[in-house]
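This is what each chain is made of:
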Amino acid sequence: MDINDHTDSPLNLKVSFNLLLKQYETLAKSEDEFVAARAKRILNTAQAYPELKEGFSDISILKEREKEIAIILEDSFSPILTKNEIKTASVPFHNLIFNSSERFKSIIKAAGNDFELKIKNMPEDDTYIIACTIILSFCYGYNLNFKRPFYYEIPDVNGILRYYKILYNADFCEIVRTEAAKKITREDYNELLDNFENIELWKEKFPPNSYIFKGFVISNIFDVTDDQSISNIKSNLIGEDKRKQEGFIEEFHEVFRSLLGVNDLKVGFSTYNEEEQTFEHVYGVGMNSFLLNNLESTCCEDALCGWSHNRLLNENKYFSVSDVDKVFKLSKGKVPHIVSLHEQGIKSAIFAPIANDKGLMGILEIVSNKPQVLNSINANKLIDVMPFIVSTVERSKSEEENLIEAIIQKECTSIHPSVHWRFEREAKHFIKSEMRGEQAIFKKIAFENIYPLYGQIDIKGSSEARNKATQQDLTLQLEAIKRIFESALEIESLPIYGQYIYQTDNYLKDLATHFQVDSEQQISGFFKQEIEPVLKHLYTIDKLKGQINAYFDSIDDKVNMLYKHRKDYDDTIALINKEMASLLDAKQVDAQQMYPHYFERFKTDGVEHNMYIGESITREDSFNLIYLYNLRLWQLQVMCEMENAYYQMQSNFPVSLNVASMILVFNQPLSISFRMDEKQFDVDGTYNARYEIVKKRVDKAYIKGTTERITQKGKISIVYSQKQDEREYLRYIKFLQSKHYLDTDVEIVELEDLQAVTGLKAIRVSVLYHKEENDKSFYTYEDLMKEIKV
């Protein structure tokens, strides 16, 4: 078998001891008789086998000349140091080892029969190019710095992975050009410098087997497990993506096993919440806490004894428990962290504080199922890795704070994507000013000459429905109280019970005849201050316990009142808002694709939305009024779709309520600016403020000369002030009538004057409904109600 079989390389490898033997030829002339005699002995050994000097690639010769090779390498592999040094003789880019020290052999033996020795960090795909760079150095004097640290990863007898760094001695190597070798010019070299990954180019300049490698390399190998473990911990912690991967924590366990020499070791973490004085579970793939066991969080004083609490939180020093079972017996199971470890079958542990100058941030927990393998002595090895863990936790805390801030910004004070660029630009200016040492001011965010659009789908009669639900709940609760006192009066004939029945009847009468705003508050005070103390007394009477238990079971824990009909009402409002907002949000995605614009919505008793469109928002010279007209048509169509969607799902809601839709048209461009105090956009200018006044009051406006509200169930109301708006929306209505969104009963009405606002008109038109999403029939509101009831 030949060394070069199944290899692709510019080097034809030959094992040769030529350069080593030349050194012995020099030593043979030494004045030191002992040195000279030893050199001559080695030369005589090699002289009988010319191939040892000339070189060979047949692997069988290594076996045949094993004795002679050992003699030639005797000085390089000193018998005195063979059990201490880790050393091998081999050829480059090949796993072939033909001589090694006794310690190396014992390391390989301990790794097991199925272990395959392989160099780590050796890029297999680049070996051809690496061989070419060596040729450039040896033959042409171009010294390319391509040195990388190479390692062996070899498990010991306990299965713990140990790391060995390889340092090559290439003193006895020579490279010879063959006739097939092409001469490398300076131009070739310059071309290769910028084409490392172009394997075809390298093969063109250095054809396969065009150079002969003669010699061998000596590998001096060192156990660098501690250093490499620390490096691995560092790289694992630095790599944010790694920390999110499923195998991260198991890799982390392996690294600590190598560092501490314990094969069944596990690592856990818990974070310290200074504000609440608690230890908390760390969220992440495979993360665990042996201190908390299965708890999400616990008070620090409940998790540790006094001494360990002071050691970790105040002194910021580690401590170990080398024999958990022993300490558990001595403490009689009264030390919290020992109990937690004992319950998990842990036999020894180290707890190390993750702390910086500001104090404790968390706990590193290292545990093992074997006693005494973790102790105060090997805990000292953590000194070298803790700075990296501290740095990572500091970074993680900073990232978490940023993430929390980002979530708050997104969920509570979100900036719409259409205007985010403007805030980003201003934030960059703010940072630059701070960096220059100037007074940083976050300038006003304003958008000029933009067109507003407003719409709402409002729940009709929501106040009346809420009052009715409140009356029903209070009536049920009062009647339950009345029944309890009637039963009590039969058992104990006390006049006071009659007086409570009289009060209850009065409240029931008031609820039925004239329910007022403060009725709920008055009756609630009656329950809490007068009735509940008496019920506690009555509970001592066995015959009343069942009724009293039933009464308190009907009381909601959160509001401390009977909460049945009001819950149905509140749930209905929440569901309506959720469904309508979700539908509007989904439709908005398409609208933004048509042309970017600012959008915001609010949930009240229904869903309101604002939109602003214009050049200053898009920051592109692309705005045309056609996009405004398109958005107005889109808005009207979506309001029809929302009406339809609502009545299709109305039967699923606990309470049957109606909705009415309205659009407000404002045909003049205006300016808006972001109010930092309220974290929202408002219109600028006195004239523009008129738009906001109309928005707030118009849905309660009446048709002039009547007591009829402008918004009605089953209809869409479009409020405007200019004749051109009327003509525009009548065109949209005609188009949507052709699409069977709207009925033909268009009416134009005048509105009663609002405070400081006159001359408003409205177009009202009925919506056409479908019973189901795929229903092809069209119904007015009245027809739909009849169909649903049928």
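Above: the structure in question.
Residues numbered from 1 in each chain as written. Predicted model: local features only at pLDDT ≥ 70, side-chain atom pairs only at ≥ 80, totals over all residues. Heavy atoms only, no water.

### Observations regarding the overall build of the chain
We apply this condition: Elements are defined by DSSP. Helices are runs of H or I of four residues or more, strands are runs of E of two residues or more, and each kind is numbered from the N terminus. Radius of gyration here uses only the C-alpha atoms, and the compact-globule reference equals 2.2 Å multiplied by the residue count raised to the power 0.38. Contacts are assigned to residue pairs with any non-hydrogen atoms lying within 4.5 Å of each other. All accessible-area figures derive from a Shrake-Rupley calculation using a 1.4 Å probe, and residue coverage is judged against the displayed protein chains alone. Positive charge is attributed to Lys and Arg, negative charge to Asp and Glu, and no charge count is given to His or to the chain ends. To locate a charge, take NZ of a lysine, CZ of an arginine, CG of an aspartate or CD of a glutamate.
When helices and strands are counted, the chain shows 28 helices and 24 strands. The globule rule puts the C-alpha radius of gyration for 790 residues at 28 Å, and the 43 Å found for the chain is more than 25% above it. Taking the principal axes of the C-alpha coordinates as reference, the chain spans close to 130 × 80 × 60 Å. When contacts within the chain are restricted to residue pairs at least 6 apart in sequence, long-range pairs at least 24 apart make up 66% of them. By element, 49% of the accessible surface of the chain is carried by carbon and sulfur atoms, the whole surface being about 42400 Å². Of the charged side chains in the chain, 96 are positive and 122 negative, and the gap between their average positions amounts to 1 Å.

### Quick notes on the sheet that holds strand β4 (residues 119-120)
Rule in force here: Strands qualify as paired when DSSP identifies two bridges or more between them. The convention used is that axes are lines fitted to C-alpha atoms, helices contributing only their stretch in contact, and that angles between N-to-C directions extend from 0 to 180 degrees.
Spatial ordering of the open sheet is given by β3-β2-β9-β6-β5-β4, a layout of six strands whose pairing is antiparallel. With one partner strand each, in any of the chains shown, β3 (97-100) and β4 form the two edges of the open sheet. Two elements, β4 and strand β5 (residues 150-155), share two bridges in a ladder whose sense is antiparallel. Bridge pairing links Lys120 to Tyr151 in β5. Across the sheet, helix α6 (residues 102-111) lies against β2 (86-90), β3, β5, β6 (161-169) and β9 (217-223), angled at about 55° from β5, the strand it touches most.

### A word on the packing of helix α19 (residues 462-491) against helix α23 (residues 565-594)
Note the threshold: Angle categories: roughly parallel below 35 degrees, roughly antiparallel above 145, roughly perpendicular from 65 to 115, and oblique for all the rest. Each residue receives one of three labels: charged for Asp, Glu, Lys and Arg, nonpolar for Ala, Val, Leu, Ile, Met, Phe, Trp, Tyr, Cys and Pro, and polar for the others, Gly being one of them.
At a minimum axis distance of 7 Å, the contact between α19 and α23 shows a crossing angle of 155°. Relative to α23, the element α19 lies roughly antiparallel. Listed contacts from α23 to Ser462, Ala465, Arg466, Ala469, Thr470, Gln472, Asp473 and Leu476 of α19 are His565, Arg566, Tyr569 and Asp570. Its residues assigned to classes, the contact of α19 with α23 shows four nonpolar, four polar and four charged.

### Here we look at unusual backbone geometry
A positive phi angle, close to 60°, is found at Asn209, a residue other than glycine. Backbone geometry at Gln277 places phi at a positive 55°, although glycine is not the residue there. Positionally, Gln277 belongs in the loop between β10 (266-273) and β11 (278-281).

### A look at the sheet that holds strand β1 (residues 11-15)
On the basis of which strands lie adjacent, the open sheet formed by three strands has the order β1-β8-β7 and mixed pairing. Either end of the sheet is taken by a strand with one partner, and the two such strands are β1 and β7 (173-177). Shown here is a sheet whose adjacent strand axes are inclined to one another by a mean of 20°, direction ignored. Two elements, β1 and strand β8 (residues 211-215), share five bridges in a ladder whose sense is parallel. Across the sheet, residue Lys14 finds its bridge partner in β8, namely Lys214.

### Here's the deal with a nonpolar patch on the surface
Condition: Only residues whose relative accessible area exceeds 30% and that form no salt bridge enter a patch; like-charged residues are grouped when within 9 Å of one another, and nonpolar side chains (Val, Leu, Ile, Met, Phe, Trp, Tyr) when within 5 Å. Here, a salt bridge means any side-chain nitrogen of Lys or Arg that lies within 4 Å of a carboxyl oxygen of Asp or Glu. Relative accessibility thresholds used throughout: buried, under 20% of the residue-type maximum; exposed, over 50%; partly exposed, between the two (1.4 Å probe, protein chains only).
Judged by side-chain polarity, Leu625, Ile626, Tyr627 and Tyr629 come together as a nonpolar surface patch covering roughly 340 Å² of accessible area. Relative to the elements of secondary structure, Tyr627 occurs in helix α25 (residues 625-649). Of the residues examined, Tyr627 reaches a relative accessible area of 30% and is grouped as partly exposed.

### Quick look at the packing of aromatic side chains
What characterises a pair of aromatic rings is the spacing of the ring centres plus the angle enclosed by the ring planes. The condition that has to hold: To pair, rings of Phe, Tyr and Trp, with the six-membered ring standing in for Trp, must have centres within 6.5 Å; the planes then decide the type, stacked if under 30 degrees apart, edge-to-face if over 60, and tilted in the middle. We call a charge positioned over a ring when the NZ of a Lys or the CZ of an Arg lies within 6 Å of the ring centre and within 35 degrees of the ring normal.
If you walk through the whole model with that rule in mind, you get 26 aromatic pairs. Between the aromatic rings of Phe98 and Phe216, the centroid separation amounts to 6.3 Å while the plane-to-plane angle is 70°, which identifies the pairing as edge-to-face. You can see Phe98 sitting in strand β3 and its partner Phe216 sitting in the loop between β8 and β9, a full 118 residues away along the chain. Accessibility assignment for this pair places Phe98 and Phe216 in one class, buried. Above the plane of the ring of Phe77 lies Lys87, whose end atom (NZ or CZ) is 5.7 Å from the centre.

### What to know about the state of the cysteines
The criterion, for reference: Put simply, a disulfide is two cysteine sulfurs that come within 2.5 Å.
Counted by the stated rule, this structure contains zero disulfides. Lacking any disulfide linkage, Cys305 is separated from the closest cysteine sulfur, that of Cys300, by 13 Å. A relative accessible area of 24% means that Cys305 is categorised as partly exposed.

### So, the pairing of β11
Pairing of β10 with β11 involves four bridges; the strand directions are antiparallel. Bridge pairing in β11 links Ser270 to His281. The turn linking β10 back onto β11 is made up of four residues, and Gln277 within it adopts a positive phi angle of 55°. Pairing of β11 with strand β12 (residues 297-299), which is carried by three bridges, proceeds in the antiparallel orientation. Bridged to Thr278 within β12 is Cys299.

### Topic: the pattern of salt bridges
Any two side chains of opposite charge can pair, given that their charged atoms come close. Following the criterion strictly, the structure yields 33 salt bridges and no others. Of the charged contacts, one joins Arg257 and Glu254 as a salt bridge, the two residues approaching to 2.8 Å between their closest N and O atoms. Here the residue Arg257 and the residue Glu254 both occupy positions in helix α12 (residues 248-260), the gap between them amounting to three residues, near one helical turn. The salt bridge involving Lys347 is made with Asp325; its shortest N-O contact spans 3.0 Å. Of this pair, Lys347 sits in the loop between α16 (336-343) and β14 (348-356) while Asp325 is found in helix α15 (residues 324-330), placing the two residues 22 residues apart along the sequence. Each of the salt bridges in this network shares a partner with another, and the network as a whole consists of Glu708, Lys715, Asp745, Glu747 and Arg764.

### As for α16
Quick note on the threshold: The directions considered for the arc are those from the helix axis to the C-beta atoms.
Within α16, the full set of buried residues consists of His337, Ile338, Ser340 and Leu341. Viewed along the axis of α16, the buried residues span an arc of 160°, placing them on a single side of the element. Where α16 is buried, its residues meet α13 (300-303), α14 (306-314), β13 (319-321), α15, β14 and β15 (359-368). Within two residues after α16, Gly345 carries a phi angle of roughly 75°, on the positive side.

### Focus on the packing of α25 against helix α27 (residues 723-738)
Let me state the cut-off plainly: The crossing is said to be left-handed when, going from far helix to near helix, the turn is anticlockwise and less than a right angle, and right-handed when the turn is clockwise.
Packing of α25 against α27 brings their axes to within 11 Å, and their N-to-C directions diverge by 55°. By the criterion of interaxial angle, the relationship of α25 to α27 is oblique. For the crossing formed where α25 meets α27, the hand is right-handed. Along the contact surface, α25 presents Tyr629, Arg632, Leu633, Gln635, Leu636 and Gln637, while α27 presents Asp725, Glu728, Tyr729, Tyr732, Ile733, Phe735 and Leu736. When the residues that make up the contact of α25 with α27 are grouped by side-chain class, the tally is eight nonpolar, two polar and three charged.

### What to know about the side chain of Asn273
Here Asn273 lies in strand β10. Non-local contacts of Asn273, meaning those with residues more than four positions away in its chain, are made with Thr278 and Glu280.

### Digging into helix α7 (residues 127-140)
Quick note on the threshold: Each residue after the first adds 1.5 Å to the expected span of a helix.
Helix length check: α7, at 14 residues, gives a terminal C-alpha distance of 19 Å against a target of 20 Å (1.5 Å per residue), a fit within 8%. All of the buried residues in α7 are Tyr128, Ile129, Ile130, Ala131, Cys132, Thr133, Ile135, Leu136 and Tyr140. The elements touched by buried residues of α7 are β1, β7, α8 (186-193), α9 (199-205) and β8. Positive backbone phi, at 75°, marks Gly141, one or two positions downstream of α7.

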